[in-house]
Amino acid sequence: MRRTHPLIAAIALLTMGFLYLPLLGVAVFSVNAARRGVVWQGFTLDWYLKLLDNEWILAAAWNTLVLAVVSTLVATVLGTILAIGMDRFPWSKRSATGLDILLHIPVVIPDIILAAALVVAFGLLRLLSSIFEPGLFNMIIGHITFQIAFVALVVRSRLVAIGREVEEAARDLFADNWYLLRRVMLPLLLPGIVAGGMLAFTLSLDDFVISFFTAGPESQTLPLYIFAAVRRGVTPQIHALSTLVLLITIILVVATERLTRKG
Amino acid sequence: MSKLLVWYGELTTRRSLLERGALFLIPGMLWLVFFIVLPGLVLVGVSLATRGSYGQLEWQFTLESYKRLAGFSLFGWTADYLTILWRSVVVAFFTTLISVILSYPLCFFIAARPARSRYLWLTLVIIPFWTNMVIRTYAWFLILAPELPFARLAAYFGFIAEGAPLYPNAFAVYIGMVSMFLPFVALPLYASVERLDWTLVEAANDLYAGRTRVFTQAILPQTLPGLSVGIVLTFVPAMGMFVVPDLLGGAKYMLVGNLIQQQFGTSRDWPFGAAVSMALMVLTMISLQLYRRRSKEIAYV
């Protein structure tokens, strides 16, 4: 094991403190009894209990969950099929490069450009059907759009990793297309698909910009709620809400780590 | 009639193979074309359209929005919008630079931990990476509040008024941006630092290289792959960031992201918003191109 220079260790620890000080601050003040300000007045869980009485927050939490679950399911299916299509067939070099660029667009462009493009596209689609009014449906479409790319990239790297020997063996043993896909490929791919799905789910919870641009009045999510609340000032209730979201994030991150390290 | 071929144990023709492949590609590709490529083209179109007096779109070709962005208005030339674009590039640049400077010690520190606690430290860097940016920005609101030591210290030295919070200002934007993007640099950089070949560093030390030379000639070239990924992951989204400047920067410290959001929100000026988005897209393309050229050079070294 190498020694670290004390100065390097000090800077590193200060940097970690810089990352965590705000988050810890929010967590600490979420259990502070004081209604206003940052003076410590004793431990309480009242702010967490009050969250349960707040209809707006419950509705926002429900929307966040529906948005994340539905978009993740669709994106995982589409992304997995796309990854198989891109990796397992003899595409010419040119079309492979084209597909690759298309897949990387949502990964590399700033999300605000995708959001702006979706706003104008939904604006035109609204002329065709009122289903494209700002709201949960549009948000789900927006989330799927950036999730597909991430799922496809994760699943594709798994496809490359598992190689083709097993599939070739299955073919030699007279497996047909359907059997090969269902009984050979999918089981081998499963860790990759789960990892891709977890990534998509976290990305959806993490998103603010796409939701902010495509949301309607009835489709607040938790990040949108917090963003709007900040302008009215910081309150212990928002501390509690933020801490809860942070805890969920930590659980997701740790679970994903476990999964991918085994897989 | 196309020729038969054996494709991983399957006797087939190229044609039927590609047809089957297309079936796999079509759903996902249609989605991406329909919700990324077409909206992107529509955005280009809208940037060339005219805004009606009620904020509606009129399909009348004009370069008005781009002229406005370049500063030409009824009342002569102003640099307002160009300043915002330039400021976004500057903020993204310094955010990236500070994140890189802080990431090196952090990565070396983590890489030197014993194997067991190393994962714990790494997870500690990953958690902020995945925490919602609204929550992380919100958290700074609390820390920079007037009652807490940071704002008091700043007030004591006369940087801000007594009893005022440490926001909104440029300082708060940088604090927020660096804390937001530091994990984006640190994580890819760590992947390179972990694989570092220390014998080269020792060799440099044996040959009496100073600290600077050890870093620039033994450490930097080895960590360049991770570093360049980290720089792109930070610089590109930092240019388009709008949550942090919106909450911590206030109206006087607008970035291009806020300008775009304003046009699609309160101002309801889609053509101008689309034109600003195009400008951001061009800036993104330039930075990605620079990155690609650099990474090619690196590959040759």
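Note that the structure is predicted; figures quoted are calculated from it, not measured. (Residues numbered from 1 in each chain as written. Chains lettered and ligands numbered in written order. Predicted model: local features only at pLDDT ≥ 70, side-chain atom pairs only at ≥ 80, totals over all residues.)

J.: When you look at the overall build of chain B in this model, what are you seeing that I'm missing?
T.: Along its length, chain B carries twelve helices and six strands. For 301 residues, the compact-globule formula gives about 19 Å, and the C-alpha radius of gyration of chain B, at 25 Å, lies well above that figure. For chain B, the spread of C-alpha atoms along the three principal axes comes to 85 × 70 × 35 Å. With 301 residues in all, chain B has 42% of them scored as buried. In chain B, the proportion of contacts linking residues at least 24 apart, taken out of those at least 6 apart, comes to 63%. (Helix = DSSP H or I, 4+ residues; strand = E, 2+ residues; numbered from the N terminus. Rg over C-alpha atoms; globule rule 2.2 N^0.38 Å. Buried ≥ 20, exposed ≤ 12 C-beta atoms within 10 Å, placed from the backbone. Contact = placed C-beta atoms within 7 Å.)

J.: In this structure, what is going on with the overall build of chain A? I would like to understand it.
T.: Looking only at helices and strands, one finds eleven helices and zero strands in chain A. Secondary structure of chain A in N-to-C order comes out as α-α-α-α-α-α-α-α-α-α-α. Dimensions of chain A along its principal axes, counting C-alpha atoms only, are 75 × 65 × 30 Å. Within chain A, buried positions represent 41% of all 263 residues. By sequence separation, contacts in chain A at least 24 residues apart represent 79% of the contacts at least 6 residues apart.

J.: Looking at this structure, I do not really get the packing of helix H5 (residues 111-128) of chain A against helix H1 (residues 14-47) of chain B. What am I missing?
T.: Describing two packed helices takes the angle between their axes plus the distance from one axis to the other. For the pair H5 of chain A and H1 of chain B, the least separation of the axes is 8 Å and the interaxial angle reads 85°. Of the possible angle classes, the one that applies to H5 of chain A and H1 of chain B is roughly perpendicular. Listed contacts from H1 of chain B to Ala116, Ala117, Leu118, Val120, Ala121 and Leu124 of chain A of H5 of chain A are Leu38, Pro39, Gly40, Val42, Leu43 and Val46 of chain B. Here the residues of the contact of H5 of chain A with H1 of chain B are counted per class, giving eleven nonpolar, one polar and no charged. (Axes fitted to C-alpha atoms, helices over the stretch in contact; angles between N-to-C directions. Parallel < 35°, antiparallel > 145°, perpendicular 65-115°, else oblique. Nonpolar A, V, L, I, M, F, W, Y, C, P; charged D, E, K, R; others polar.)

J.: Would you explain the environment of Trp40 of chain A in this entry?
T.: Residue and element names in this part refer to chain A. Considering the arrangement of structural elements, one finds Trp40 in the loop between helix H1 (6-29) and helix H2 (46-53). By C-beta crowding, Trp40 is classed as exposed, having 12 other C-beta atoms within 10 Å. Separated by 96 residues in sequence, Trp40 and Leu136 place their C-alpha atoms 40 Å apart.

J.: Is there a simple way to think about the domain arrangement of chain B in this case?
T.: Accessible area lost upon the coming together of the parts is a frequently used measure of interface size. Residue and element names in this part refer to chain B. As assigned here, chain B comprises domain 1 (16-72) and domain 2 (74-300). Distance from the C-alpha centre of domain 1 to the C-alpha centre of domain 2: 30 Å. The partner domain 2 presents 17 residues to the 16 residues of domain 1 that form the contact. Elements with a contribution of two residues or more to the side of domain 1 that touches domain 2: H1, strand S3 (50-51) and helix H2 (64-69). Partitioning the side of domain 1 that touches domain 2 into residue classes produces nine nonpolar, five polar and two charged. (Domains from an automatic or database assignment.)

J.: Explain helix H4 (residues 115-130) of chain B to me, please; I cannot follow it from the model alone.
T.: Along an α-helix, residues three or four positions apart point the same way, because every turn accommodates 3.6 residues. Residues and elements named next belong to chain B. End to end, H4 covers 23 Å across 16 residues, agreeing with the expected 22 Å (1.5 Å per residue, within 8%). Among the residues making up H4, those that are buried are Val125, Ile126 and Pro128. Down the axis of H4, the buried set is contained in an arc of 160°. They therefore lie on one face. Away from its buried face by more than 90 degrees, H4 exposes Arg116, Ser117 and Leu120. (Expected span 1.5 Å × (residues − 1). Arc of directions from axis to C-beta.)

J.: Help me understand the pairing of strand S1 (residues 4-7) of chain B in this model?
T.: Residues in a regular strand point their side chains to alternate faces of the sheet. Residue and element names in this part refer to chain B. The pairing of S1 with strand S2 (residues 10-13) spans four bridges and is classified as antiparallel. Its bridge partner being in S2, Val6 is matched across the sheet by Leu11. Where S1 hands over to S2, the hairpin turn is made up of two residues, of which Tyr8 adopts a positive phi near 45°. (Pairing = 2+ DSSP bridges.)

J.: In this structure, what is going on with the packing of H5 of chain A against helix H11 (residues 256-264) of chain B? I would like to understand it.
T.: Axis separation between H5 of chain A and H11 of chain B bottoms out at 11 Å; the angle between their running directions is 15°. Regarding the angle of H5 of chain A to H11 of chain B, the classification is roughly parallel. Seen from above, H5 of chain A lies across H11 of chain B with left-handed handedness. Counting all contacts with H5 of chain A, which are made through Ile112, Ala116 and Val119 of chain A, the residues of H11 of chain B involved are Gly257, Ile260 and Phe264 of chain B. (Left-handed = near helix turned anticlockwise from the far one by under 90°.)

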